[in-house]
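Reading the structure
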Amino acid sequence: MSQQEFYLDSNATTVVLPPIADAVMTALTQEFGNPSSSHVTGIRAKARMERTRALARQVMGAENGEVIFTSGATEGIQTAVISALQSAKRRPMPEKPLLLYGATEHKAVPETLKHWARLLDVPAEVRAIPVDHRGRLDLDFIAAHVDRALMVCTMAVNNETGCFQDLRALEQVIRTGNPQVPWMVDCVQALGKLPLALSSTTIDYAPFSGHKLYAPKGIGWLYVREGAGLTPVIAGGGQEGGLRSGTENGAGIAALEVLFGLMLADDSTFADHATLLDYRAQLVATLTRVFPDLVFNQDHSCSVPTTLNFSVPGFSSKELMDLFDAAGIRVSSGSACSSKVTRSFVLDAMGLPAWQSESAIRLSFGPAMTAPELKAVCERIDTAVSALATSCLLESEHDAEKFGLKGLIQFKAGSSCCWLYVDPDSDHCVVVDPVDSLNERLERLIRCQDLTPVAILDTHGHADHVSSGVALREALSDRIPPFLMEVDALGWPNACGSRRTLADGQVMPALVLGESVLVRVPLPGHTDDSVGLFLSRNEGDTLLSEDLDFAFCGDTILMGSLGRTNFSNSQPQALYHSLNQLSVWLSPDTLICPSHDYHHQFATSLAAEQREGGLLAQVLSGGMAEEAFLSAKAELDRGLCDQPGTELMCGATPTQTSVAVAELSGQELCQWRSEGRRMSVLDIREPHEFALSPTQGADNVPLSRLVNFMAQQRYRLDSDPVVLICRSGSRSLLASQSLRRLGINNILHVAGGHALS
Ligand code: PLP
């Protein structure tokens, strides 16, 4: 996959510009002296260091005070915090002392405050200063608390949103309430994007990192105001006037010298503010045209033009990241990964709606951006977003080639699963276990693929919400045959008169969709109204267990677990019988498609559950009496902790057992190919990603179609190796673990995916 790359993640780090890289090379190979050496080579290195320090002052507008070269901003933050805490220890402690920091500060700040307050025994509370919906600090809060503060930490420009603070107003409120308090302003993201005049302020500490503006990683500096406390963090040979020991990073300093020269020069290397504003306007125009519903997570009137942060309704940040990456556009998800959902603590602090925080994308560029490059970026964004039509995720103005949808497709929202089954021989489809947040996507897909929904079904009534099936049926009513619109509480059409006989001779209602048939069976337990829906080819009146491809069992059987039975309408005793009944109806390998998937395992089977050895395995082995089951089940349910504001767990979640999978490196895959080895390569990215950057010789089986693939694969267990590949190796790892769990062993995945191939 070779395509031009567009790097739009400058707030994370930047490329080293060619003249800067040249200076680094010269410093490494020719001017490599140690500034402490007294010979000519050393004297030259020292002179360069002092020249650079003088330029740093010009760039920061700091005629006086200290400029200390560091390894980067994180080190500068340590020095500032330790210095402020040491100063505080020498003064009388106020009552209830505080260490104040902006709620949207980079994690380096609050974590450093907590760490050193603990280690240095400073009994202060580390407290966040709230921000408003634009990310601006609450000045009233500062005014009310600053008298008790031992240190105030704020940032000039936020790394996620580009929001800049009004430093003059901040200074006014800080100094009015506490003239002496040490004040640190993190200037990392301001460098090269905002004019700085540090000497005209009372800012005590300002940390910087070179790699955010075209210098290499590993070099930065800290400005310290004249008279501000300064405690060296690194002791040793006494370099930097004893303020930061250790031989200086000569190559990094050489890089800064060139960078500062470029910043101060009146040439065209760095675009001026007006040009950057124009670039932002062009990007905004492109993004809002391709995503008409897009919402910006920032106020452009108080953010630097080089950072755009937005969310698109209906798309997670992971999906958009995957899309942009496939198109060669490098952006950031703008959010940190927490245990379950990815969301941005910055956007949360700004009080933006949860969906915006969960689906944020940050796009950032530097002042070396050029007009032709920006034009090409806009064109590439256009191409990338047009590809979404391939997956029917966006409507296309053109007649885009669509990915043919047949068989089973899984949709996920958090841990909730919803299933769409499209009959292979007709346009008939059914939706099982609809989820509110996926309705819009499903509706778009069904229309885009020109499908006829025969039923929208629930496997049980939900404890915590009304089924979204009602709304989806209404939205699609123009496509549903009128006689199928009259349904029962779980969406089963009243007009459905077919019947099928199951393995044990029981006759159950059936719904025919083209060449497939869906049979409904009672499965009380999790709730008294729980049902199972069995899918098979429509080939006769009797359905033997081996005929059943898929069984939608809702919350009855979850991967490695069973649905909870402690709701008011649960029936634990009935669950025991439902499970025994399922073991008669289903084959060991029928794919059980649950309505919750807590660990990305997609689907399960009785055989997989038996191998896992949980409670279900004991029931299936025939060795567990009803009473023992009931007490074990009650014990499992007691382990569920429902906390207000968190997702209601529908089943006990076992600790995830990791499944070992065979992996292949990108190089090995190349070698296998050149050796002409027999194998199937499956690219499991979504169709639009595949369309943007196809993998030669691979079939596209998107992750959402994995369970469908599992059903087909059951009959090819002894086939050639199947190699799974995705963007970074994480989806292919999950998929191969899940296939292995289901007993499909001839699977390998490409570690590092396309990124390392
Ligand atoms: N502060 C801000 C605002 C940042 O964006 C970053 C890096 O992302 C840092 C501090 C830490 O910088 P470094 O990792 O270069 O030490």
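In this text the structure is predicted, and so the values were computed from the model without any measurement.

1. Quick word on the overall build of the protein
When helices and strands are tallied, the protein shows 22 helices and 32 strands. For the protein, the spread of C-alpha atoms along the three principal axes comes to 95 × 60 × 45 Å. The contacts in the protein between residues at least 6 apart in sequence include a share of 69% that link residues at least 24 apart. As displayed, the protein has an accessible area near 30700 Å², and 52% of this comes from carbon and sulfur atoms. Positive and negative side-chain charges of the protein, numbering 60 and 87 respectively, have mean locations separated by a distance of 6 Å.

2. Notes on the packing of aromatic side chains
Inspection of every chain in the model, using the stated rule, returns ten aromatic pairs. For the ring pair W221 and F260, a centre distance of 5.1 Å and an interplane angle of 85° mean the geometry is edge-to-face. Pair noted here: W221 is in strand β8 (residues 220-224) and F260 is in helix α7 (residues 250-264), with a separation of 39 residues, a long-range link. A residue is classified by how much of its surface remains accessible, and F260, at 0% relative accessible area, is buried. Through pairs of rings, three or more aromatic residues link up here, namely F208, W221 and F260. Looking at K107, its charged tip hangs above the ring of F345, at a distance of 4.0 Å from the centre.

3. Some points on the packing of helix α3 (residues 73-90) against helix α4 (residues 108-119)
Here α3 crosses α4 at 40°, and the two axes come no closer than 10 Å. Regarding the angle of α3 to α4, the classification is oblique. Read as a crossing pair, α3 and α4 show a hand that is right-handed. Contacts from T74, I77, Q78, V81, I82 and L85 in α3 reach A108, V109, T112, L113, W116 and A117 in α4. Looking at side-chain class alone, the contact of α3 with α4 contains nine nonpolar, three polar and no charged residues.

4. Observations concerning the sheet that holds strand β27 (residues 591-594)
Strand pairing in a sheet is mediated by backbone hydrogen bonds. Such pairs are either parallel or antiparallel. A sheet is described by the order of its strands in space; here seven strands give the open sequence β23-β19-β20-β21-β22-β24-β27, paired in mixed fashion. Among the strands making up the open sheet, the edge pair consists of β23 (542-543) and β27. Relative to strand β22 (residues 531-537), strand β21 (residues 516-522) is paired through seven bridges, and the arrangement is antiparallel. Its bridge partner lying in β22, R520 is registered against L533. On top of the sheet, helix α21 (residues 706-713) reaches β24 (548-554) and β27; it is set at about 170° to β27, its chief contact.

5. Things to note about the site of the ligand
Every residue near the ligand is listed here: A73, T74, H106, M155, N159, D186, V188, Q189, S209, H211 and K212. Within the side chain of H211, a nitrogen or oxygen atom sits 2.7 Å from an oxygen atom of the ligand. A distance of 2.5 Å is found between an oxygen atom of the ligand and a side-chain nitrogen or oxygen belonging to K212. Taken by itself the ligand offers 390 Å² of open surface, and the protein chains cover 85% of this.

6. A closer look at the side chain of Q410
Following the sequence through the fold, Q410 ends up in strand β15 (residues 407-413). With a relative accessible area of 6%, Q410 lands in the buried category. Among the polar contacts made by the side chain of Q410, one reaches the main-chain carbonyl oxygen of F602 at a distance of 3.2 Å. Each residue touching Q410, except ones within four places of it in the same chain, is listed here: C417, C418, W419, D597, F602, S704 and V707.

7. Describing the domain arrangement of the protein
The assigned domain composition of the protein is domain 1 (6-11 + 271-391), domain 2 (18-264), domain 3 (407-638) and domain 4 (662-756). Contact residues are listed per partner, giving 26 residues for domain 1 and 25 residues for domain 2. Summed over both partners, the interface of domain 1 with domain 2 buries about 2000 Å², with 58% contributed by carbon and sulfur atoms. A per-residue breakdown of the area domain 1 buries against domain 2 is headed by C302, F345 and M350, which together make up 29% of the total.

8. So, unusual backbone geometry
One non-glycine residue, D121, adopts positive backbone phi at about 60°. Position of D121 relative to the elements: it lies in the loop between α4 and β4 (125-129). Its identity is not glycine, yet Y214 carries a phi of approximately 70°, on the positive side. Its place among the elements puts Y214 in the loop between β7 (205-209) and β8. Assessed through its relative accessible area of 5%, Y214 is described here as buried.

9. Concerning the state of the cysteines
Scanning the model with the defined rule gives one disulfide in all. Two residues, C392 and C448, share a disulfide whose sulfurs are 2.0 Å apart. One disulfide, between C392 and C448, carries an S-S torsion of -60° and so falls in the left-handed class. With C392 in the loop between α12 (371-386) and β15 and C448 in helix α13 (residues 439-448), this residue pair connects regions lying 56 residues apart in the sequence.

10. Thoughts on the sheet that holds strand β31 (residues 722-725)
Pairing in this open sheet of five strands is parallel, and the strands run β28-β32-β31-β29-β30 from one edge to the other. Edge positions in the sheet fall to β28 (662-664) and β30 (698-700), since each of these pairs with one other strand and no more. Averaged over all pairs of adjacent strands, the angle between their axes in this sheet comes to 35°, without regard to strand direction. Where strand β29 (residues 680-683) and β30 come together, three bridges link them in parallel fashion.

11. A closer look at the environment of F550
As for its placement among the helices and strands, F550 is situated in strand β24. For the pair F550 and V519, spaced 31 residues apart in the sequence, the C-alpha separation amounts to 11 Å. Apart from the residues lying within four places of it in its own chain, the contact partners of F550 are L408, Y421, L533, F534, L535, T590, L591, C593, V707, N708 and A711.

12. Focus: the side chain of S359
When you line up the elements, S359 lands in the loop between α11 (354-358) and β14 (361-364). Not counting the four nearest positions on each side in its chain, S359 is found in contact with F310, S311, F315, S316 and S317.

13. Details of the packing of helix α8 (residues 273-290) against α12
Running from amino to carboxyl end, α8 crosses α12 at an angle of 10°, the nearest separation of the two axes being 10 Å. On the basis of the axis angle, α8 is roughly parallel to α12. Between α8 and α12, the residues in contact are Y279, Q282, L283, T286, L287, R289 and V290 and A371, L374, V377, C378, I381, D382 and V385, respectively. Of the residues in the contact of α8 with α12, the class split is ten nonpolar, two polar and two charged.

Conventions used here
Residues numbered from 1 in each chain as written. Predicted model: local features only at pLDDT ≥ 70, side-chain atom pairs only at ≥ 80, totals over all residues. Heavy atoms only, no water. Helix = DSSP H or I, 4+ residues; strand = E, 2+ residues; numbered from the N terminus. Contact = heavy atoms within 4.5 Å. Areas by Shrake-Rupley, 256 points an atom, 1.4 Å probe, with all protein chains shown as cover. Lys, Arg positive; Asp, Glu negative; His and termini not counted. Charge placed at Lys NZ, Arg CZ, Asp CG, Glu CD. Phe/Tyr/Trp six-rings, centres within 6.5 Å; stacked < 30°, edge-to-face > 60°. Buried < 20%, exposed > 50% of the residue type's maximum accessible area, 1.4 Å probe, protein only. Lys NZ or Arg CZ within 6 Å of the ring centre and 35° of its normal. Axes fitted to C-alpha atoms, helices over the stretch in contact; angles between N-to-C directions. Parallel < 35°, antiparallel > 145°, perpendicular 65-115°, else oblique. Left-handed = near helix turned anticlockwise from the far one by under 90°. Nonpolar A, V, L, I, M, F, W, Y, C, P; charged D, E, K, R; others polar. Pairing = 2+ DSSP bridges. Near = heavy atom within 4 Å. Polar contact = N/O pair within 3.5 Å; in protein donor to acceptor, adjacent residues only side chain to side chain. Domains from an automatic or database assignment. Buried area = accessible area lost by both parts, 1.4 Å probe. Disulfide = S-S within 2.5 Å.

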